[in-house]
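Notes for the structure review
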Amino acid sequence: MHIFANPARFLSIARPLTPWLGWAGAAMIAVSLVAGLFLTPPDYLQGESVRIMYVHVPAAWLGMAGWSGIAVSSLMQLIWRHPLASVAARAIAVPGALFAAICLITGSLWGRPTWGTYWEWDGRLTSMLVLFFLYLAYIALSSAGAERGSNDRISAIFGVVGAVNIPVIHYSVEWWRTLHQGQSIGLGGSKIDPSLLWPLLLSTLGFSLLFGAIVLMRMRALLAQAKVEARLKRIATE
């Protein structure tokens, strides 16, 4: 990863890659949502409410994947002192928090017709809510570190420690009795009918590509901001 330590080298790749990821992701999302909302049959148990999964499942995946990215970036910052590691973690935090919030909102809307309630303090929902608050805390810590102009180790340590919640979210449906359904897609196959599965996989891939585009745009913006601030400091000292 140190090959991308040079911001100029990173930007030379990120600039052309961002629109490709963004437009490809948007196209996949459009196709998957049209198919999922209008073309696929309703579920035999959940009826039309099952269509929420085409947004809910990708949002849940990206909420967890986002924090995993923060943890990896934080480790690179703490161990290898990678120059772009903290920038990557800060860039991931906001879209990660957004998708965690979308997961909670869509899950609540899905829970009302299936469980009879918008919210239940079970393992999966509670641990996902904890993840959302972890995102908010990380954003506050990293923003405070950026204002001090320091390579903040506190937010990096927090990013690593907060990753403990990821396996809790994943295995919560196995560790505790819960209203939330168990894992439907795994290495052994899928419990979802193929007619419902392919739009879900396409939607997940599309949202993932869009997430990547957003992260690259935010990294480019943070690097540009740092460059402007450094130039202003040089001018002020001349």
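In what follows, the structure referred to is the one given above.
First things first, this report covers the structure right here in the doc. Just so it is clear, the structure is predicted and the values come from calculations on it, not from any experiment. (Residues numbered from 1 in each chain as written. Predicted model: local features only at pLDDT ≥ 70, side-chain atom pairs only at ≥ 80, totals over all residues. Heavy atoms only, no water.)

1. Focus on a positive patch on the surface
Residues Arg15, Lys227, Arg231 and Arg234 make up a contiguous surface patch of positive charge. The biggest single contributor to the positive patch is helix 7 (residues 194-237), with 3 residues. Structurally, the position occupied by Arg234 is in helix 7. Among the residues examined, Arg234 registers a relative accessible area of 49% and is labelled partly exposed. (Patch = residues over 30% accessible without salt bridge, like charges linked within 9 Å, V, L, I, M, F, W, Y side chains within 5 Å. Areas by Shrake-Rupley, 256 points an atom, 1.4 Å probe, with all protein chains shown as cover. Salt bridge = Lys/Arg side-chain N within 4 Å of Asp/Glu carboxyl O. Lys, Arg positive; Asp, Glu negative; His and termini not counted. Charge placed at Lys NZ, Arg CZ, Asp CG, Glu CD. Helix = DSSP H or I, 4+ residues; strand = E, 2+ residues; numbered from the N terminus. Buried < 20%, exposed > 50% of the residue type's maximum accessible area, 1.4 Å probe, protein only.)

2. Some words on the side chain of Arg51
In this fold, Arg51 is placed in the loop between helix 1 (7-39) and helix 2 (53-80). Within polar-contact distance, the side chain of Arg51 engages the side chain of Glu48 at 2.6 Å. (Polar contact = N/O pair within 3.5 Å; in protein donor to acceptor, adjacent residues only side chain to side chain.)

3. Topic: helix 1
For helix 1, which comprises 33 residues, the first-to-last C-alpha distance of 45 Å matches the rise-based estimate of 48 Å (1.5 Å per residue) to within 8%. In the structure, helix 1 departs most strongly from a straight axis at Leu17, where the bend amounts to approximately 35 degrees and where the proline Pro19 lies between one and four residues downstream. (Expected span 1.5 Å × (residues − 1). Bend = angle between axes of the 7 residues up to and from the residue.)

4. What about the packing of aromatic side chains?
Inspection of every chain in the model, using the stated rule, returns 7 aromatic pairs. Ring plane angle 75 degrees and centroid distance 5.1 Å describe the contact between Trp67 and Tyr135, whose orientation is recorded as edge-to-face. In this pair, Trp67 is assigned in helix 2 and Tyr135 in helix 4 (residues 123-148), connecting sequence segments 68 residues apart. Both residues of the pair, Trp67 and Tyr135, belong to the buried class. Between Phe99 and Phe207 the ring centres are 6.1 Å apart and the planes differ by 80 degrees, which places this aromatic pair in the edge-to-face class. Placement of Phe99 in helix 3 (residues 85-115) and of Phe207 in helix 7 is noted, with a sequence separation of 108 residues between them. Of the residues examined, Phe207 reaches a relative accessible area of 12% and is grouped as buried. Chaining the aromatic ring pairs together yields one cluster made of Trp67, Tyr135, Tyr138 and Phe158. The ring of Tyr118 carries Arg112 above its face, with NZ or CZ at 5.7 Å from the centroid. (Phe/Tyr/Trp six-rings, centres within 6.5 Å; stacked < 30°, edge-to-face > 60°. Lys NZ or Arg CZ within 6 Å of the ring centre and 35° of its normal.)

5. Some remarks on the environment of Pro19
Structurally, the position occupied by Pro19 is in helix 1. For the pair Pro19 and Arg51, spaced 32 residues apart in the sequence, the C-alpha separation amounts to 28 Å.

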